[in-house]
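# Structural features, examined
The primary structure of each chain is shown beneath.
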Amino acid sequence: MLLTYTLAYCSFLTLSMAMNKHFQQIFPHKKLLSIHANFLRFFGWALLVAALMYSSTLYGAATAPVILLGLLSAAAISLALLLNYRPKLAPLIALVFSAVTLWFNTMQ
Amino acid sequence: MKSGFRQSMSWLHTWGGLTLSWILYFVFLTGTLGYFDTEIDRWMKPELSPENANLQQSLITAQQRLQQQAPGAERWFISPPTNRDNPHLRIFWQTPEADGKPGGRGNELLNAATGQPLTARATGGGQTLYRMHYALHYIPANISYWIVGICAMFMLVAIISGVVIHKKIFKDIFTFRSNKGQRSWLDMHNLLSVSALPFHLMITYSGLLFFVLTYMSLIVSDTYGFGEKAHEQFEAEFFSEPHNISVGGNKKELANLSAMAAIAESHWGADQVRYVDIDHPGSQHARVKIGRQLDSPLRASPELVFDGTSGELLTNNAAITSTPKAIYDVFLGLHEGLFANTGLRWLYFFSGLLGTAMIATGMVLWSLKRRPAQLKKVGGPDFGYRLVESLNLGTVVGLPIAIAAYFWANRLLPVDMVNRAQWEAHVMFLVWLACLLCPLLRPVQKGWGELMWIAAVAYAGLPLLNAVTTNRSLLHSIQQNDWIFAGVDFTFFSIALIFSIAAYKVQERTQISPATTNSSKTPNIATQQETA
């Protein structure tokens, strides 16, 4: 569930960074180029598909969508709150979560 | 009503949403608690320690006890502690009709190791709270189903019209801007609604489906005709329930249940037995059905059917009997989430809270939007406006306080009290009533902060009260690895923390805002001061 959440959160983070207003929240002094936006958008959707595929192998096709939708709600809420209160932390938390998940999965 | 599609949808959303929002808030909050009904049950019966017995031992105990208690029964039912929704061994029996008298029923909770019946304080437990979300309280169930059904229909209308009037549903999906007054409330309302939109739609629609046969009974009559017989035929075909034929037959002893359960476990794996259902125990025609744990949203178990006297496996009933039934079962299963493991259960709980908060923010928005105009009125705000404002306060904060009072009553009411379980619920509704009446004594704006502090104290006190009145304090639970008990205590602390933060924020705001709320021309001063 941790890895699925990480994938969901990273997916939403990249998708939000493909939108100018959220990109400006995280990097106030940089401009979002449209080629970067397209790339971020593609990458975000790819992560979302990866989250669905990974959770399906883990929980089965019947239960995975239920779990994924719940995690996506949590990811969207946490991201929206972070973007408002601590925008700089949003990408940092993605990195921390990825690192923790990676460490956790290699330990097993 | 206004012209234009979006405007009229907006009108529908505003007024349709407001009209029944208080009942919907009640339904959503108690329903959300229902995801942890078993855990709450256990917290409210602190006398019962966790059951460790395995399946084999539980079935031996159950069989012995049923033999003693109900030797001539037409049905026995055993729910072993491996079943997540029944953490203790539960037996149930039904005796046949005799001499024109209807058959009796009984059930017991057993200690699986000793076979002694478990006795705990009389309590409504999590089940009473859970039942309230579709059967309400004090109102006959068949009327409540209709009330809740109409509310659910309003909810569905509010969700769909909400999607229509939200212009930037994708662009604003991650948008929340704090300290912008009404704008922030709308942002939060949208965020709560959109981020869990699939859940809100699913829970409302499937909620309606639960009583579809009540709400639209004529659909059945269209195919099957009218009358009791037609209805029975429909039930038999749709739910594929065999007719109860009273089998006479010679007496013959029931074979060993644990041997049959062992066969079931070899089919499904360990800890997969959800129930054991015995038809006509003690007769030569006895049948034993063993059902599997739910592991997907499909709310039906595959069953193994055994010959009760020889213990021989007869048939393997699939969980899916027909496509319409399977679709119905999936919707119901998604709603109840019985298949969910601990992680998914928290996600369900969390999504339910999002729905509850969505309704609450909607209620607040309604009054916030009208506040400046109402305050300008000569002679003060209208009665209708003040009524909504008071009901909002008394429900949004009052109901959580009332639920806390329900838990307090569980620990404080004398154990030997008559009608104790009923009084727990009475205490809850009396406290709610008090909260609803509190705007008569205090100004509503001040009431928000004050009631939130009361809620915070009420929830923070619960783990302490538990530590004083039982021997299962938080510390003890952690030492014993009893994460269900500790989890409930921790959740109470978290709720208290959330309420105290909210109370602090609200009071900070009301201290600044009197100057601004009086003169609606400068509504931005408050926000400017807060950001400064």
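Residues numbered from 1 in each chain as written. Chains lettered and ligands numbered in written order. Predicted model: local features only at pLDDT ≥ 70, side-chain atom pairs only at ≥ 80, totals over all residues.

### Overview of the overall build of chain B
- Helix and strand counts for chain B stand at 22 helices and 7 strands.
- Taking 24 Å as the expected radius of gyration for a compact globule of 532 residues, we find that chain B reaches 27 Å, a close match to that expectation.
- C-alpha atoms of chain B, sized along the principal axes, occupy 90 × 60 × 45 Å.
- The burial tally for chain B puts 37% of its 532 residues in the buried class. (Helix = DSSP H or I, 4+ residues; strand = E, 2+ residues; numbered from the N terminus. Rg over C-alpha atoms; globule rule 2.2 N^0.38 Å. Buried ≥ 20, exposed ≤ 12 C-beta atoms within 10 Å, placed from the backbone.)

### A closer look at the overall build of chain A
- Along the backbone of chain A there are 4 helices and 0 strands.
- The secondary structure elements of chain A, listed N-terminal to C-terminal, are α-α-α-α.
- In summary, chain A has a C-alpha radius of gyration of 14 Å against a globular reference of 13 Å for 108 residues, a match within 12%.
- For chain A, the residues scored as buried account for 34% of the 108 residues in total.
- Partitioning the intrachain contacts of chain A with sequence separation of at least 6 by distance along the chain shows that 74% fall at a separation of at least 24. (Contact = placed C-beta atoms within 7 Å.)

### Things to note about the sheet that holds strand β6 (residues 303-307) of chain B
Residues and elements named next belong to chain B.
- Ordered by their spatial adjacency, 7 strands build an open sheet running β3-β2-β1-β4-β5-β6-β7, and the pairing between neighbours is antiparallel. The sheet is open, and its two edges are formed by β3 (105-110) and β7 (313-317), each paired on a single side. Averaged over all pairs of adjacent strands, the angle between strand axes in this sheet comes to 15 degrees, irrespective of strand direction.
- Most of the contacts of helix α12 (residues 257-268) go to strand β5 (residues 287-292), to which it runs at about 35 degrees, and overall it touches β4 (273-279), β5, β6 and β7. (Pairing = 2+ DSSP bridges. Axes fitted to C-alpha atoms, helices over the stretch in contact; angles between N-to-C directions.)

### Quick notes on the pairing of β7(B)
Residue and element names in this part refer to chain B.
- One ladder, built from 4 bridges, connects β6 with β7; its direction is antiparallel. By the bridge assignment, E303 is partnered in β7 with N317.
- Taken together, β6 and the strand that follows it, β7, pair antiparallel across an intervening segment of 5 residues, in which G311 is found at a positive phi of about 75 degrees.

### Focus on the nonpolar core
- Membership of the largest hydrophobic core comes to 111 residues, with the highest contact counts inside it found for A:L79, B:I401 and B:A455.
- Among the elements that line this core, the one with the most residues is helix α3 (residues 34-85) of chain A, at 15 residues.
- The residues contacting B:A455, other than those within four sequence positions of it, are B:V397, B:P400, B:I401, B:A404 and B:F499.
- Membership of the second largest hydrophobic core comes to 29 residues, among which are B:L89, B:W93, B:A264 and B:F306. (Core = buried A, V, L, I, M, F, W, Y, C linked by C-beta atoms within 7 Å.)

### Focus on the environment of B:K167
All names here are of chain B.
- Structurally, K167 can be placed in the loop between α6 (141-165) and α7 (182-195).
- Accessibility expressed as a C-beta count within 10 Å gives 8 for K167, which makes it exposed.
- For the pair K167 and A286, spaced 119 residues apart in sequence, the C-alpha separation works out to 63 Å.

### Description of the confidence of the model for chain B
Residue and element names in this part refer to chain B.
- Per-residue confidence for chain B gives a mean pLDDT of 89; residues scoring 70 or more make up 94%.
- When pLDDT is averaged over each element of chain B, helix α16 (residues 398-412) comes out on top at 97 and helix α22 (residues 525-531) at the bottom at 37.
- Below a pLDDT of 50 lies the segment residues 515-532, which in the model reaches 22 contacts outside its immediate sequence neighbourhood of four places, other chains included.
- On the interface metric, ipTM, the complex scores 0.94, and its pTM is 0.91. (pLDDT = per-residue confidence, 0-100.)

### A closer look at the interface of chain A and chain B
- Contact with chain A, which involves 22 residues of that partner, is made by 22 residues of chain B.
- Put simply, the parts of the chain that give the side of chain A that touches chain B at least two residues each are α1 (2-17) and α3 of chain A.
- Considering every element that reaches the side of chain A that touches chain B, the biggest residue donor is α3(A), with 18 residues.

### Some remarks on helix α8 (residues 197-210) of chain B
- For α8(B), spanning 14 residues, the distance from its first C-alpha to its last is 20 Å, which sits close to the expected 20 Å at 1.5 Å a residue.
- Turning to α8(B), its buried residues number three or more, namely B:L197, B:F199, B:H200, B:I203, B:T204 and B:G207.
- Elements that come into contact with the buried residues of α8(B) comprise α3 of chain A together with α6, α7, α13 (323-336) and α14 (342-376) of chain B. (Expected span 1.5 Å × (residues − 1).)

### A few points about the environment of B:N107
Residue and element names in this part refer to chain B.
- Position of N107 relative to the elements: it lies in strand β3.
- Measuring from C-alpha to C-alpha, the distance between N107 and W93 comes to 6.3 Å, with 14 residues separating the pair along the chain.
- In this view, N107 contacts R90, I91 and F92; residues no more than four positions away in its chain are not counted.

### Considering α1(A)
- Taking 1.5 Å per residue, 16 residues should reach 22 Å; α1(A) reaches 22 Å between its end C-alpha atoms and fits that length.
- Most of α1(A) sits inside the fold, with 14 of its 16 residues counted as buried.

### Focus: unusual backbone geometry
Residues and elements named next belong to chain B.
- A positive phi angle, near 50 degrees, is found at L136, a position not held by glycine.
- Mapped onto the elements, L136 comes out in the loop between α5 (125-135) and α6.
- The backbone of D271 sits at a positive phi, close to 60 degrees, despite the residue not being glycine.
- Here D271 shows up in the loop between α12 and β4.
- On the basis of neighbour counts, which here come to 14 C-beta atoms within 10 Å, the residue D271 falls in the partly exposed class.

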